[in-house]
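The chain contents come next:
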Amino acid sequence: MQKFDRLDGPAAPMPMANIDTDQIIPKQFLKTVDREGLGKGLFYDFRFDFDGQEKPEFVLNQPAYKGVKMLIAGDNFGCGSSREHAPWALMDFGVRCVISSSFADIFNNNCFQNGLLPVVLKPDEVHALMAEAKGGNHVFSVDLESQTVTAPSGQAYRFEIDAARKEKMLKGLDAIGETLVHVGEIDRFEEKRRMTRAWASS
Amino acid sequence: MGKTLYDKIWDAHVVATEPNGETILYIDLHLIHEVTSPQAFAGLRTNHRPLRRPDLTLAVADHNIPTEGQALGVDAVADEEARIQLQTLARNVKDAGIEFFPMGDIRNGIVHVVGPEQGRTQPGMTIVCGDSHTSTHGAFGALAHGIGTSEVEHVFATQTLRQEKAKNMRVTFVGTPVPGVGAKDFALAMIGRIGTGGGTGHVIEYAGPAIEALTMEGRMTLCNLSIEGGAKAGIIAPDETTFAYIQGKPGAPKGAAWDMAVDYWRSFFSDPDTRFDREITIDVGKLDPTVTWGTSPEDAMPVTGLVPDPDSFATEDKRASAHRALEYMGLTAGQPIAEATVQRVFIGSCTNSRIEDLRQAAEVVKAATAKGLKVAEGVRAMVVPGSGLVKEEAEAEGLDKLFLAAGFEWREPGCSMCLGMNPDKLSNGERCASTSNRNFEGRQGRGGRTHLMSPAMAAAAAFAGRIADVREFL
Ligand code: SF4
């Protein structure tokens, strides 16, 4: 997993609530057997019209938001399908952080598996950040160690994050490797399971 | 203080607890499919890690398979990317020694139909799958939820997941539903009430007399939709109905093991002195058949009602979403929802493609056919059974002939137009009465307009050519 400690860059406002994972990466891009290259499908139906032409009004198509590294989005971001293609597509596009007033559970987990930081702030704080992001050409900063988002105006917002998740993000730890340290306990659990619930072990 | 059903399953699966509070939880059953597994298998290979318990893993091909011509085999699938993905799954499961029901096998079907049908889904288990509707299996008193592909790889390598415990919520359903109202209406009404984020961070236990009266298939429909209320999982305490459903299924314990298993399963219920973090009660006696009007499952309303006015919503965000939803759906505030004409009807998906769902739709077909009705002109109606076995059972009951004679298409099993990854999808602007679970923008095809409802309601819409109150037909 990619480490995340600090991020500086432009942020794009996406005020819609309930942006679901099918909007983030539509189904036709899920037929891949790879993790890479999904950025081309990111927000496809928002970015392109039925003829495949860019829609100039969509925020990520505007020159002022070129090279965007963060999104500031409406409530319940990432709801819907469990597809991890959603964080993969965001990261492939260059987005490393999404700020919202809430995230759907599975999407939130998937972000932490990949080094994409979901930041939860209060709705009025999110609205204030969106207002500052209007017009683009700004630099926002996210610092994980101190748990702060700093807007171009200098206004800083503190966010909460689970300590275990923070540590893993900062260090870029491999969850499977960490769990395999406990392989002895897994063996013992399985042994007990075999004795007491024989029918469940085919 | 007592424990909830969720607490008990959790406690029975703790392998280790990390100093930072994370728990390593054992997984009893891992279901996989073609779309969310290839990168996980690739990850194992890259890191030279073996798959720990192939015997606790079961694979199906469901998301992108066509719903006709399955007997021709995977090599005949026209979509090249889909074909490669299906071939990749076949190769991966063979290498790892995982049991697999390939496309065309009578046991294949939608992953959340197959697990229960094969008796692999059992009470007290932890069950995961790289698919958000894994919550379906909670109907059996199992802790079941969707995971992402990195977590699929984690389960492959360790047969565990790193988890933080969710909160406990209980929704108690009381009352007796009127004819035409069932589990799908319970679920939509609940999500309409709590909102799509209402269950976030919680495992929801469904309880009460109206739940005890539900069949297993109704319970699965309800638990399936838990995720649309934002919940981590939905769960129902196992009872005689549950045990009777499992008994005799291929994966069910046999002989003396059956009695031991049932004894163990009976220990999974919420203690009477338990406190839930959140509780609500819903009187199902007050529900009308329910449909959605917008682009979120929380946009639920009685079929007898009028499309709401976006300006009537409480917050600015909600007002903006509602305006956008109405425009997308091509509806006007204040119009009766039952006036909306449909061009498509879809009966299927892991929410509503089991035999009872098909029977409920068939009841409406019988009643309408007796009145001399056919699927309305200009409407294309599809029935997609959830698995090969469901299809076989329905055909043995003559349901296929009934549907076909009335003008429905009778297709082969798969996810189909639930997500429109295969050739079954809506065209821009088409309106669909659908028994699936998501009415998001573009879910069933770009520009497609989805109205969620029960199988009986969807069948009624096929005959009426518009959203219709099923009670007109009963
Ligand atoms: S039927 Fe739909 S929701 Fe269910 S598993 Fe398939 S795609 Fe997912």
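Below: a short report on this structure. What you see is a predicted model, and the numbers here were worked out from it, not measured in a lab.

Reading the values: rules and limits
Residues numbered from 1 in each chain as written. Chains lettered and ligands numbered in written order. Predicted model: local features only at pLDDT ≥ 70, side-chain atom pairs only at ≥ 80, totals over all residues. Heavy atoms only, no water. Helix = DSSP H or I, 4+ residues; strand = E, 2+ residues; numbered from the N terminus. Polar contact = N/O pair within 3.5 Å; in protein donor to acceptor, adjacent residues only side chain to side chain. Contact = heavy atoms within 4.5 Å. Core = buried A, V, L, I, M, F, W, Y, C linked by side-chain atoms within 4.5 Å. Buried < 20%, exposed > 50% of the residue type's maximum accessible area, 1.4 Å probe, protein only. Pairing = 2+ DSSP bridges. Axes fitted to C-alpha atoms, helices over the stretch in contact; angles between N-to-C directions. Near = heavy atom within 4 Å. Nonpolar A, V, L, I, M, F, W, Y, C, P; charged D, E, K, R; others polar. Buried area = accessible area lost by both parts, 1.4 Å probe. Salt bridge = Lys/Arg side-chain N within 4 Å of Asp/Glu carboxyl O.

Remarks on the side chain of Ser-81 of chain A
Summarising the element assignment, Ser-81 of chain A is placed in the loop between β3 (70–73) and α3 (85–93). A distance of 2.7 Å separates polar atoms of two side chains, one belonging to Ser-81 of chain A and the other to Arg-83 of chain A. Discounting residues that sit within four places of it in the chain, Ser-81 of chain A has contacts with Thr-21 of chain A together with Ser-132, Arg-438 and Arg-443 of chain B.

A closer look at the nonpolar core
Ranked by internal contacts, the top residues of the largest apolar core, which has 86 residues, are Phe-43, Leu-71, Phe-77 and Leu-90 of chain A together with Phe-408 of chain B. Considering every element that reaches this core, the biggest residue donor is helix α15 (residues 455–464) of chain B, with 8 residues. Setting aside anything within four residues of it in sequence, one finds Phe-77 of chain A in contact with Ile-19, Ile-24, Phe-43, Leu-71, Leu-90, Val-98, Ser-100, Ser-102, Phe-103, Ala-104 and Phe-107 of chain A. If you look at the next biggest cluster of nonpolar residues, it comprises 38 residues, including Ala-187, Ile-204, Ile-236 and Trp-265 of chain B.

Thoughts on the pairing of strand β2 (residues 11–14) of chain A
All names here are of chain A. Burial of the side chains of β2 extends over both faces: Ala-11 and Pro-13 are buried on one face and Ala-12 and Met-14 on the other. Pairing analysis gives 4 bridges linking β2 to β3, with the strands arranged parallel. Bridge pairing links Pro-13 to Ile-72 in β3.

Concerning the sheet that holds strand β7 (residues 148–150) of chain A
Residues and elements named next belong to chain A. Pairing in this open sheet of 4 strands is antiparallel, and the strands run β1-β6-β7-β8 from one edge to the other. Two strands bound the open sheet, and with one partner strand each, they are β1 (6–9) and β8 (156–158). Neighbour-to-neighbour, the strand axes of this sheet turn through a mean angle of 10 degrees, independent of strand direction.

Structural notes on the site of the ligand
The local shell around the ligand consists of His-63, Ile-110, His-112, Asp-131, His-133, Ser-349, Cys-350, Cys-415, Cys-418, Leu-419, Asn-437 and Arg-443 of chain B. Its residues placed into classes, the shell around the ligand shows 5 nonpolar, 5 polar and 2 charged.

Points about the interface of chain B and chain A
Listed per partner, the contact involves 73 residues of chain B and 62 residues of chain A. Buried area between chain B and chain A, summed over both chains or domains, comes out near 5,500 Å², and the portion from carbon and sulfur atoms is 52%. In this structure, the connection of chain B to chain A is made through 11 salt bridges. Measuring nitrogen to oxygen at the nearest pair gives 2.4 Å for the salt bridge that ties Lys-31 of chain A to Asp-79 of chain B. Across the chain B-chain A interface, the total number found is 33 residue pairs in polar contact (both at pLDDT 80 or more). Of all the secondary structure elements, the ones that give two or more residues to the side of chain B that touches chain A are β1 (14–17), β2 (23–26), α2 (38–46), α3 (80–96), α5 (149–158), β8 (160–163), α10 (256–265) and α11 (316–329) of chain B. Here the element with the most residues in the side of chain B that touches chain A is α5 of chain B; it accounts for 7 residues. Residues of the side of chain B that touches chain A, tallied by class, amount to 22 nonpolar, 28 polar and 23 charged.

Quick look at the pattern of salt bridges
All names here are of chain B. Taken as a whole and judged by the stated rule, the model has 47 salt bridges over all chains. The closest approach of N and O atoms between Asp-271 and Lys-8, which form a salt bridge, is 2.9 Å. Separated by 263 residues along the polypeptide, Asp-271 in the loop between α10 and β12 (278–283) and Lys-8 in helix α1 (residues 5–11) bring together distant segments of the chain. With respect to class, Asp-271 is no different from Lys-8; both count as buried. The closest approach of N and O atoms between Asp-239 and Arg-219, which form a salt bridge, is 2.9 Å.

Some points on the sheet that holds strand β4 (residues 57–60) of chain B
All names here are of chain B. Strand order across the open sheet formed by 5 strands is β5-β4-β3-β6-β7, with parallel pairing between neighbours. This sheet does not close on itself; its edge strands, each paired only once, are β5 (99–101) and β7 (143–146). If you compare each strand with its neighbour and ignore which way they point, the axes differ by 20 degrees on average. Both β4 and β5 contribute to a ladder of 3 bridges, which runs parallel. For Val-60, the partnering residue across the bridge sits in β5 and is Phe-101. Running over the sheet, α3 touches β3 (29–32), β4 and β5 and is turned about 155 degrees from β5. Contacting β3, β4 and β6 (126–129), α5 runs over the sheet at an angle of about 135 degrees to β3.

Coordinates in, geometry out; function isn't part of it.
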